Amino acid sequence: MRPMLVIAASLLVATPAWADDAALNAFRDEARAASADFGKRLGGELKKAMGAGGPEAAIGVCKDVAPAISSDLSRQKGWKVSRVSLKARDPLLGLPDAWEQKVLMDFDKRVAAGEKAETLEFAEVVSEPQGKSLRYLKAIPTQELCLTCHGPADAMPEGLRKKLSADYPHDKATGYGVGQVRGAFTFKKPL
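This write-up is about the structure you can find in this document. (Residues numbered from 1 in each chain as written. Predicted model: local features only at pLDDT ≥ 70, side-chain atom pairs only at ≥ 80, totals over all residues. Heavy atoms only, no water.)

### Quick notes on the overall build of the protein chain
For the protein chain, the count of helices and strands is five helices and six strands. Beginning at the N terminus, the succession of helices and strands in the protein chain can be written as β-β-α-β-α-α-β-β-α-α-β. Considering the protein chain as a whole, with its 191 residues, one finds that 41% of them fall into the buried category. The contacts in the protein chain between residues at least 6 apart in sequence include a share of 66% that link residues at least 24 apart. Accessible surface for the protein chain amounts to roughly 10,100 Å². Of this, 58% is attributable to carbon and sulfur atoms. (Helix = DSSP H or I, 4+ residues; strand = E, 2+ residues; numbered from the N terminus. Buried < 20%, exposed > 50% of the residue type's maximum accessible area, 1.4 Å probe, protein only. Contact = heavy atoms within 4.5 Å. Areas by Shrake-Rupley, 256 points an atom, 1.4 Å probe, with all protein chains shown as cover.)

What follows is the structure, given as structure tokens:
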């Protein structure tokens, strides 16, 4: 039996035929709280770095601190925790898998149709070759502060462009506008 899709407000949740909704809802709630924690920790570090050393200092936060937060949450939860984007800054850490790509493309369509990026999340049980997993994606909305490093490349100061180019030679994470989906926090829990 195929999963049935249920749309509630701006939350799209796949209800698996194999399990009760309580297990998926519990995972989604825990992943939602973890994504809020991730965002709060990362945002706090970015603001401190911007205040202390400007945008060039903030690049180090995304490059070094964000992966450390991902690792910390992964160890705490026993899940795979990361950030992904259709336009990844670091292809070694930020490229989405097929499931994440599909959800991110759906998020982009929903924002284009008028939904707010900050409300978008998706959870479902996914069958993969290595087994079933609970999956969750929470959109990362582009805020005004994000545009400093993720806005139009031609609007960035020369020093910032050079630093980004040096640290991220394959950078695709520019050209965003406020309110767009810049990426997502992603969580995967094996069953």
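Picking up after the structure, the text goes on.
### What to know about the pairing of strand β6 (residues 181–190)
In terms of burial, β6 is a largely internal element, eight of the 10 residues being buried. Two elements, strand β3 (residues 80–84) and β6, share five bridges in a ladder whose sense is antiparallel. Following the sheet pairing, Val81 is matched in β6 by Phe187. Pairing geometry for strand β5 (residues 131–141) and β6, over nine bridges, is antiparallel. Residue pairing in the sheet places Ile140 in a bridge with Gly183 of β6. (Pairing = 2+ DSSP bridges.)

### Side note on the packing of aromatic side chains
Evaluated as defined, the whole model comprises five aromatic pairs. Judged by centre distance (5.8 Å) and plane angle (55°), the ring pair of Tyr136 and Phe187 falls under tilted. Taken as a pair, Tyr136 in strand β5 and Phe187 in strand β6 lie far apart in primary sequence, 51 residues in all. Since its relative accessible area comes to 0%, Tyr136 is described here as buried. According to the relative accessible area criterion, Phe187 is buried, its value standing at 0%. (Phe/Tyr/Trp six-rings, centres within 6.5 Å; stacked < 30°, edge-to-face > 60°.)

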